[in-house]
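Single-letter residue listing:
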Amino acid sequence: MGALVAVMGIVGFLVLLAYINFPPPYAKKKLVSVFDTMVLGVCAFICLMWVLNIRGSLANTADEQYLLPLSVAGAVGIEILFLGVCFLLRNFWVFKPPSRPGGRGGIFGL
């Protein structure tokens, strides 16, 4: 179980680095920064709720030994999926590339 958590941790770290280091180059930097802050905050909140749910479910049971590995593996799995989907949405839908030269595309590409 420890090896799985370690591999997922490495993949989660790489997904986080990819999300932060590859913003859409054609979008306004301030809007992308606000979007990124919101996405990371929501991701942290969902992961925290997962950890608290697992802690409440497994506390004082026979399976309490699996509390830490399940909490970490689940939180990292949620992070990988959530940031992956938000990366695709951010770069290709919300701040999509301009459809014509000189124009700004996307929802917030005013």
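Remember, it's a predicted structure, so these values are computed and weren't measured experimentally.

### Points about the overall build of the protein
Item 1. The helix and strand tally for the protein stands at 3 helices and 0 strands.
Item 2. Taken from N to C terminus, the helices and strands of the protein fall in the order α-α-α.
Item 3. For 110 residues, the compact-globule estimate of 2.2 N^0.38 gives 13 Å, and the C-alpha radius of gyration of the protein, at 18 Å, exceeds that figure by more than 25%.
Item 4. For the protein, the spread of C-alpha atoms along the three principal axes comes to 65 × 25 × 20 Å.
Item 5. Within the protein, the fraction of its 110 residues that count as buried is 29%.
Item 6. Accessible area of the protein: about 7,200 Å², with a carbon and sulfur share of 74%.
Item 7. Separation between the mean location of the 8 positive side-chain charges and that of the 4 negative ones in the protein comes to 28 Å.

### Re the pattern of salt bridges
Item 1. Summed over all chains, the structure comprises 1 salt bridge.
Item 2. Linking R90 and D36 is a salt bridge whose minimum nitrogen-to-oxygen distance equals 2.9 Å. Remark: D36 occurs in helix α2 (residues 29-58) and R90 occurs in helix α3 (residues 67-94); sequence separation between them is 54 residues. D36 matches R90 in its accessibility class, with the two residues each being buried.

### A closer look at the packing of α2 against α3
Item 1. Across the interface, α2 lies against α3 with an axial gap of 9 Å and an inter-helix angle of 155°. Between α2 and α3, the angle falls in the class roughly antiparallel. Considering how the two elements wind past one another, α2 and α3 form a crossing that is right-handed.
Item 2. When its residues are assigned to classes, the contact of α2 with α3 shows 20 nonpolar, 2 polar and 4 charged.

### Structural notes on unusual backbone geometry
What you tend to see is this: most non-glycine residues have negative phi, and most peptide bonds are trans.
Item 1. Located in the positive-phi region is N60, a residue other than glycine, with phi close to 60°.
Item 2. Mapped onto the elements, N60 comes out in the loop between α2 and α3.
Item 3. The exposed category is assigned to N60, whose relative accessible area is 73%.

### A closer look at the nonpolar core
Item 1. Counting residues in hydrophobic clusters, the biggest one holds 13 residues, and the most contacted among them are Y19, F35, V39, L83 and F95.
Item 2. Put simply, the parts of the chain that give this core at least two residues each are α1 (2-21), α2 and α3.

What counts, and at which threshold
Residues numbered from 1 in each chain as written. Predicted model: local features only at pLDDT ≥ 70, side-chain atom pairs only at ≥ 80, totals over all residues. Heavy atoms only, no water. Helix = DSSP H or I, 4+ residues; strand = E, 2+ residues; numbered from the N terminus. Rg over C-alpha atoms; globule rule 2.2 N^0.38 Å. Buried < 20%, exposed > 50% of the residue type's maximum accessible area, 1.4 Å probe, protein only. Areas by Shrake-Rupley, 256 points an atom, 1.4 Å probe, with all protein chains shown as cover. Lys, Arg positive; Asp, Glu negative; His and termini not counted. Charge placed at Lys NZ, Arg CZ, Asp CG, Glu CD. Salt bridge = Lys/Arg side-chain N within 4 Å of Asp/Glu carboxyl O. Axes fitted to C-alpha atoms, helices over the stretch in contact; angles between N-to-C directions. Parallel < 35°, antiparallel > 145°, perpendicular 65-115°, else oblique. Left-handed = near helix turned anticlockwise from the far one by under 90°. Nonpolar A, V, L, I, M, F, W, Y, C, P; charged D, E, K, R; others polar. Core = buried A, V, L, I, M, F, W, Y, C linked by side-chain atoms within 4.5 Å.

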